[in-house]
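Here is how the chains run, residue by residue.
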Amino acid sequence: KEKLYIEKLENLPETNIMFLRPRKFGKTLFTSVLENYYDKNKKESFEKLYGNTYIGKNPTKLKNSYCILRFNFSGIDTSTEEATIRGFKKEVASSIEVFINRYNLEFHVNKEDEAENILDNLFKSFYIQKPQDKIYVIIDEYDHFANELLGFNPEQFRGLVSKNGKVRKWYEILKEGTETVVDRIFITGVAPITLDSLTSGFNIGTDITQDEEFNEMIGFTEEELKKILKNQEISLKEQEKIIPIMKENYDGYKFCLKAKNQIYNSNMCLYFLSRYIRLGEIPDKLIDTNIASDYSKIGKMLDLCKGENRLEILRKTVQEPIVNTIIEKFNPAIEFTENDMISMLYYLGYLTISGELVGIPELTIPNKVMKEIYANYFMQIMEEEANFKID
């Protein structure tokens, strides 16, 4: 009998999990599913939320057994190092306030204190007040502000995650928490760019990004897409018309060499369907502008690879499949190599695994929408290079 993903995650021998996917794949929604499933305060809602699903009919032994401490590091102002630290601390403080209110803890969040001290004091207080309980930490967009910093200000980034950096210290406290009150951690984001910098501070996470059994955990398979269309009462005749369009534009992702199925970008599919259902026809624009702008912003990270080399890599990947080992951890202290940049293109969703050559992944652009976004980025780079030469 097939085990689905909450069950699979819970059955892993490791309890601190890192799972990465490109932008707009449904990571935040998945963390919400985990939060509601494991929250001890949501026992009464379990039947309503999950009763009709696989996990509702086959609950695991740890359901509704944790206090959930959730962080989301997107939207932090990275214009200066001070603003970044302030934004990071604000998110930590506000998430901890939600936590203490939800679980009736007697704890004062001292907003003048450093983020790592607030977390440390929370863990100590929780250990004394609720010795029978355990915490499940969920971190969404763990790398969001770090990615932006890397694109715009690599030196500032290195300062934050270096030996005495604020972010690194916070992760050290989180790691210490696993010895007392933290039982499980689930971290999600886009790229493993900060892992290497945080390694000695936080070297307990297991990265399942490229594990075969988790290839389809986020995003839609074609079978799932057909179920959604059926639920929306879209006739088989209409399905025959729109599935090929959706396949050409949103499908094609594969995150593991041995995976059998390709994945559709779920956010893009839902954008298309909401317009199709509302208008009764195929939308003119097949790309959500929010997704396009998100990708162009994240293109800044590729600027870490400088000059002619970058253009040559982009040219190669546009023209043909490229054979390349995927880097599992980036070290921003070292200059980006060609291999790093191609791996980054994979993590960002510009490229995906389409085959293999002697066990090494063959990478191509997954679909028409990504080709368009990629081409726009490519043209922008070309223009910048041309202007640079004229000057």
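Preceding this paragraph is the structure being described.
Below is a summary of the structure that appears in this document. (Residues numbered from 1 in each chain as written. Predicted model: local features only at pLDDT ≥ 70, side-chain atom pairs only at ≥ 80, totals over all residues. Heavy atoms only, no water.)

1. Brief notes about helix H2 (residues 27–38)
Its 12 residues place the ends of H2 17 Å apart at the C-alpha level, agreeing with the 16 Å of an ideal helix rising 1.5 Å per residue. Along H2, the residues classified as buried are Lys27, Phe30, Thr31, Leu34, Glu35, Asn36, Tyr37 and Tyr38. (Helix = DSSP H or I, 4+ residues; strand = E, 2+ residues; numbered from the N terminus. Expected span 1.5 Å × (residues − 1). Buried < 20%, exposed > 50% of the residue type's maximum accessible area, 1.4 Å probe, protein only.)

2. Section: the packing of helix H6 (residues 115–129) against helix H9 (residues 166–177)
A pair of packed helices is captured by two measures, namely the crossing angle of their axes and the spacing between those axes. With their axes 8 Å apart at the nearest point, H6 and H9 run at an angle of 10° to one another. By the angle between their directions, the pair H6 and H9 is classed as roughly parallel. Along its contact with H6, which presents Ala115, Glu116, Leu119, Asp120 and Phe123, the element H9 presents Lys166, Lys169, Trp170, Ile173, Leu174 and Gly177. Its residues assigned to classes, the contact of H6 with H9 shows 6 nonpolar, 1 polar and 4 charged. (Axes fitted to C-alpha atoms, helices over the stretch in contact; angles between N-to-C directions. Parallel < 35°, antiparallel > 145°, perpendicular 65-115°, else oblique. Contact = heavy atoms within 4.5 Å. Nonpolar A, V, L, I, M, F, W, Y, C, P; charged D, E, K, R; others polar.)

3. Overview of a nonpolar patch on the surface
Together, Val323, Leu357, Val358 and Ile360 line one region of the surface with nonpolar side chains, adding up to about 360 Å² of accessible area. Classification of Ile360 as partly exposed rests on a relative accessible area of 32%. (Patch = residues over 30% accessible without salt bridge, like charges linked within 9 Å, V, L, I, M, F, W, Y side chains within 5 Å. Areas by Shrake-Rupley, 256 points an atom, 1.4 Å probe, with all protein chains shown as cover. Salt bridge = Lys/Arg side-chain N within 4 Å of Asp/Glu carboxyl O.)

4. Some points on the environment of Ile313
Structurally, Ile313 can be placed in helix H15 (residues 307–319). Note on Ile313: relative accessible area 1%, which makes it buried.

5. Notes on the pattern of salt bridges
Scanning the model with the defined rule gives 14 salt bridges in all. Salt bridges here are not isolated pairs; linked through shared partners, they connect Glu35, Asp39, Arg70 and Arg102.

6. What to know about the packing of aromatic side chains
The tally for this structure, following the rule as stated, stands at 24 aromatic pairs. Aromatic pair Phe25 and Tyr253: ring centres 4.9 Å apart, planes at 90°, arrangement edge-to-face. Placement of the pair is Phe25 in the loop between strand E1 (16–20) and H2 and Tyr253 in the loop between helix H12 (236–250) and helix H13 (266–279), with a sequence separation of 228 residues. The residues Phe25 and Tyr253 share a single accessibility class, namely buried. Between Phe272 and Tyr276, the aromatic rings sit 6.2 Å apart at their centres with planes inclined by 10°, giving stacked as the arrangement. (Phe/Tyr/Trp six-rings, centres within 6.5 Å; stacked < 30°, edge-to-face > 60°.)

7. Overview of the sheet that holds strand E4 (residues 182–189)
Ordered by their spatial adjacency, 5 strands build an open sheet running E2-E3-E4-E1-E5, and the pairing between neighbours is parallel. Only two strands of the sheet have a single partner each, and these edge strands are strand E2 (67–72) and strand E5 (206–207). By the bridge criterion, 6 bridges tie E2 to strand E3 (residues 135–140) in an arrangement that is parallel. Bridge pairing links Asn72 to Asp140 in E3. Seen against the sheet, H2 touches E2, E3 and E4 and runs at an angle of roughly 170° to E3. (Pairing = 2+ DSSP bridges.)

8. Some remarks on the sheet that holds strand E6 (residues 322–323)
Taken together, 3 strands build an open sheet; the order of strands is E6-E8-E7 and the sheet is antiparallel. Among the strands making up the open sheet, the edge pair consists of E6 and strand E7 (352–357). Summarising the sheet, E6 and strand E8 (residues 360–364) pair through 2 bridges and their orientation is antiparallel. Its bridge partner lying in E8, Ile322 is registered against Leu363.

9. Some thoughts on the pairing of E8
One ladder, built from 5 bridges, connects E7 with E8; its direction is antiparallel. Following the sheet pairing, Gly355 is matched in E8 by Glu362.

10. Quick look at the environment of Thr317
Counting through the fold element by element, Thr317 comes out in helix H15. A relative accessible area of 3% means that Thr317 is categorised as buried. Here the alpha-carbon distance between Thr317 and Leu363, two residues 46 residues apart in the chain, equals 8.0 Å. The residues touching Thr317, leaving out its near neighbours within four places in the chain, are Ile322, Leu345, Leu351, Ile365 and Tyr374.

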